[in-house]
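Commentary on secondary and tertiary structure
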Amino acid sequence: MAKITLDNLAHSYLPNPAGEADYALKELNHDWDDGAAYALLGSSGCGKSTLLNIISGLLHPSQGRVLFDGRDVTRAPTAERNIAQVFQFPVVYDTMTVHDNLAFPLRNRGRDEAYVAERVQEVARMIGMEADLHRKARGLTADAKQKISLGRGMVRKDVNALLFDEPLTVIDPHMKWELRTQLKSLHHEFGHTMIYVTHDQTEALTFADKVVVMYDGRVVQIGTPEELFERPEHTFVGYFIGSPGMNVIPAKVEGRHAYINGSSVELSGGYGALAGKVEIGVRPEFARLSDSEGLPVKVRRVEDVGRHKIVRAECFGSEINIIAGEGDRIGADMTRVVFDPAHVNVYANDWRVAPNGAGNGSAGEAA
Amino acid sequence: MTLKLDGVSKVVNGQVHIHPTDLTLEKGTMNVLLGPTLSGKTSLMRLMAGLDVPNAGRILWNGDDVTGVRVQNRNVAMVYQQFINYPSMSVYDNIASPLRLMGKPKAEIDAAVHKTAELMKLTPMLGRKPLELSGGQQQRCALARALVKGAGLVLLDEPLANLDYKLREELRVEIPKIFEESGAIFVYATTEPEEALLLGGNTATLWEGRVTQFGPTPDVYRRPVDAITARVFSDPPMNFLQVSKTGNKLLFGDGQSTPATGKLAELPDGRFTAGFRPNHLEIGKHTADAMKFVTRLTVTELTGSETFVHLDHHGERWVGLIHGVHDLPIGADLEVFLDPRHVYVFGEDGALVAPAAYALAA
């Protein structure tokens, strides 16, 4: 296991990048702590796979260094980095049995057969394929093949890090649960450094101790799931995390109140004068419909999604979402919305502004 | 417009892909086929489209027997998981292509393309090539091509599976609006219960080539007819507990028991499977008659606002979805509570014996 340091790292796919816009990965300094589980979260094209490929050595960065426990590996080939990788689509040897596929990385390293047999059994149990060990990989479903890929990624205990690039995309929802839980308990048990790339927030949040959110080649926030949920540092984080994402509404902020079209909303602290585009952000979980207090809203539709309802509404021309409980009444008289003041965040030019006296937060730190 | 499957079945090389199925889909409805991979969703759609011919049974379109009528001669459009556009044509020409094949007059094509592009929010992109669009726009282009023909039956086979999570979320909201305007029969296959709930309409749950239940989506979710349907329509999966009812007690595990409260008190003595959804498991006693279970906590997962607890209850694996962020010790015992109003009771054959009381009120 190793600590992985990114030092002044940046990458452009162009030979002579001119400005920041030419960089797929904008300058980044970060330590991946030894033994921690990280998720790298963002939409397609945000730079997350570029970053992962630099860490694994599939790509050499145009600027900066990658250190494993202080040793510079920036130009070292993948094979020398001693990492295990699992990709989005299964990579298995069709002509080999499931057992031999799982044993492959250990045999490559010359481990003795008794150890190999024991370890393969353990991993087969983890991925639920004990009964299939002697079947050829050919003819197995995509699910099963991907489970073999995951198993092969986990079979060696002595790797520096385990890297996952969207490993559960091809897996059915029920199996996703199982495999994610297995990965999580594996991490709990062995303490590998893990980096897990995904565009799926549920996978990222449930898997990782810390989530690194990327947007347009830049890391916009690194935080625990709770921090990302409660205090998104950028409106993108508010939008991307949460389903539906955070409501962002243009407002004027004066002292302890925000004003939307002249109607006031209470804030959790006082704010000084703010420059630029000012908005408030409230998660649908912290908004509730009311028949007597709050801002006026028009309910457009109510979606019953089982364990709760999503209310789609309009508030002074902004579309907003409100989450109501499974058994909550939504009557025609519910024409107002109330925000929980403790969970109203204030944004200037998309970056969160901490209230006075609450410290600076980390707004702008990554920029 | 009605599509009726009358005892339709499909066998390939001696393997049953679709067991005899009766299903009636009405004009202007959204119909979700929900089930895991290989449960028969695509096979059923291919039969509906006329891409495959059933071994038995009839397919009726507005009462006319169309069994064996080829797909070209039916009023059908289909969108696949892999979005298919013609890369060398503009978005305009892509959308226009089905109408040109039908030999429609130019003015009519132009009007239809603009109307559909407007609906799919593609008007500014009409001059571009598909590869110059984002993934979501490419899939909207494929959807537009399916819609432009004004087909009476639109089949969507996991159309959002290859898209980013957030894009999927946006299109899931848009698709029901689009279909409401078109008035066609929509059939939408998915593996994800959440997607079915967001789409609304009707849902048919599929398991091993059989439609286990068909009805309005929230009804199927809250009033599953059997344990398999409940399992298919629950993500995270439904939890189960084998119980035997004796007098006023539910016995389970090796010698544990809990009082049979609420509706459960009315069950006859015998063996049952109790089922309950993860979000109904609680870690505090919130109702007086809540049943208590001692479990071992194996894994916790935080989503930022909620905590998933993975539990071992005497060898049965349960998942709980608890509101709020809880830091709980892994490997320790955890007491969990369950309101009997949230419990479904299934017989030994899996059929529903008693629905959860809360679902009857909902």
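Being a predicted model, the structure only gives us computed values, none of them experimental.

Rules of the game
- Here the residue index of a chain counts from 1 through its sequence in written order.
- Here chains are named by letter from A upward and ligands by number from 1 upward, in the order in which they appear as written.
- In view of the model being predicted, local features appear only for residues whose pLDDT reaches at least 70, and side-chain atom pairs are presented and counted only at 80 or more, with totals across whole chains, interfaces and linings using the full set of residues.
- Between N-to-C directions, angles span 0 to 180 degrees; the directions come from axes that are lines fitted to C-alpha atoms, helices contributing only their stretch in contact.
- Strands here are runs of E lasting at least two residues and helices are runs of H or I lasting at least four, both read from the DSSP assignment and numbered beginning at the N terminus.
- Any angle that is under 35 degrees is reported as roughly parallel, and any over 145 degrees as roughly antiparallel; angles of 65 to 115 degrees are reported as roughly perpendicular and all others as oblique.
- By definition, turning the near helix anticlockwise from the far helix through less than a right angle yields a left-handed crossing, and turning it clockwise yields a right-handed one.
- By definition, residues are in contact whenever their C-beta atoms, placed on the basis of the backbone, come within 7 Å of each other.
- Residue type decides the class: Asp, Glu, Lys and Arg count as charged, Ala, Val, Leu, Ile, Met, Phe, Trp, Tyr, Cys and Pro as nonpolar, and the leftover types, Gly among them, as polar.
- Only strands joined by at least two bridges in the DSSP assignment are considered to pair.
- Domains are outlined according to an automatic or database domain assignment.
- For our purposes the nonpolar core covers buried Ala, Val, Leu, Ile, Met, Phe, Trp, Tyr and Cys residues that link as a set through C-beta atoms within 7 Å.
- Neighbour density around each residue's C-beta defines its exposure: 20 or more other C-beta atoms within 10 Å make it buried, 12 or fewer make it exposed, and counts between make it partly exposed, where C-beta atoms are placed from the backbone.

1. Brief notes about the packing of helix H2 (residues 91-101) of chain B against helix H3 (residues 106-119) of chain B
Residue and element names in this part refer to chain B. At a closest axis distance of 9 Å, the pairing of H2 and H3 adopts a crossing angle of 130°. Taken together, the axes of H2 and H3 are oblique relative to one another. In the crossing of H2 with H3, the sense of the turn from one axis to the other is right-handed. In this structure, H2 contributes Tyr92, Ile95, Ala96, Leu99 and Arg100 to the contact, and H3 contributes Ile109, Ala112, Val113, Thr116 and Ala117. Classifying every residue of the contact of H2 with H3 by side-chain character gives eight nonpolar, one polar and one charged.

2. Comments concerning the sheet that holds strand E7 (residues 161-165) of chain A
Residue and element names in this part refer to chain A. The sheet built from six strands is open, its strands ordered E6-E7-E8-E3-E9-E10 with mixed pairing. Two strands bound the open sheet, and with one partner strand each, they are strand E6 (83-86) and strand E10 (218-223). Strand-to-strand twist of the sheet, defined as the mean angle between neighbouring strand axes without regard to direction, takes the value 15°. Packed onto the sheet, helix H5 (residues 142-154) meets E6 and E7 and runs at close to 170° relative to E6.

3. Some thoughts on the domain arrangement of chain B
Residue and element names in this part refer to chain B. Each domain of chain B was delimited in the assignment, giving domain 1 (2-232) and domain 2 (239-361). Computed over C-alpha atoms only, the centres of domain 1 and domain 2 are separated by 37 Å. Contact residues are listed per partner, giving eight residues for domain 1 and nine residues for domain 2. It is helix H8 (residues 227-232) that contributes the most residues to the side of domain 1 that touches domain 2, three residues altogether. A per-class count over the side of domain 1 that touches domain 2 returns five nonpolar, no polar and three charged.

4. Structural notes on the domain arrangement of chain A
Residues and elements named next belong to chain A. Here the domain parsing of chain A yields domain 1 (4-235) and domain 2 (244-353). Contacts between the two partners involve six residues from domain 1, matched on the other side by 10 residues from domain 2. For the side of domain 1 that touches domain 2, the per-class residue count stands at one nonpolar, two polar and three charged.

5. Considerations on the nonpolar core
Counting residues in each nonpolar core, the largest one holds 90 residues, and the members touching the most others are B:Ala144, B:Val154, B:Leu155, B:Phe186 and B:Val187. Ranked by residue count, the leading element in this core is helix H4 (residues 135-148) of chain B, at seven residues. The two domains that each donate at least three residues to this core are domain 1 (2-232) and domain 2 (239-361) of chain B. Counting residues in hydrophobic clusters, the runner-up holds 74 residues, among them A:Leu9, A:Ala124, A:Val213 and A:Phe236.

6. With respect to the pairing of strand E1 (residues 2-12) of chain B
Residues and elements named next belong to chain B. Where E1 lies against strand E2 (residues 15-26), eight bridges are found, and the strand directions are antiparallel. By the bridge assignment for E2, Leu3 is matched with Leu25. Between E1 and E2, which pair antiparallel one after the other, the connecting turn spans two residues, and Asn13 there sits at a positive phi close to 50°. Strand direction decides the pairing type here: E1 and strand E4 (residues 56-61), joined by five bridges, are antiparallel. Across the sheet, the residue bridging to Leu3 is Trp61, located in E4.

7. Considering the sheet that holds strand E9 (residues 202-207) of chain B
All names here are of chain B. Taken in spatial order, the six strands make up an open sheet running E6-E7-E8-E3-E9-E10, and their pairing is mixed. Lying at the two open borders of the sheet, with one neighbouring strand each, are strand E6 (76-79) and strand E10 (210-216). Ignoring which end each strand starts from, the neighbouring axes of this sheet average 15° apart. Pairing of strand E3 (residues 30-34) with E9 involves four bridges; the strand directions are parallel.

8. As for the packing of helix H3 (residues 98-108) of chain A against helix H4 (residues 113-126) of chain A
Residues and elements named next belong to chain A. Direction vectors running N to C along H3 and H4 enclose 125°, while the axes themselves pass 9 Å from each other. Classified by the interaxial angle, the pair formed by H3 and H4 is oblique. Of the two elements, H3 crosses H4, and the hand of that crossing is right-handed. Here His99, Leu102, Ala103, Leu106 and Arg107 of H3 lie close against H4, whose contacting residues are Val116, Arg119, Val120, Val123 and Ala124.

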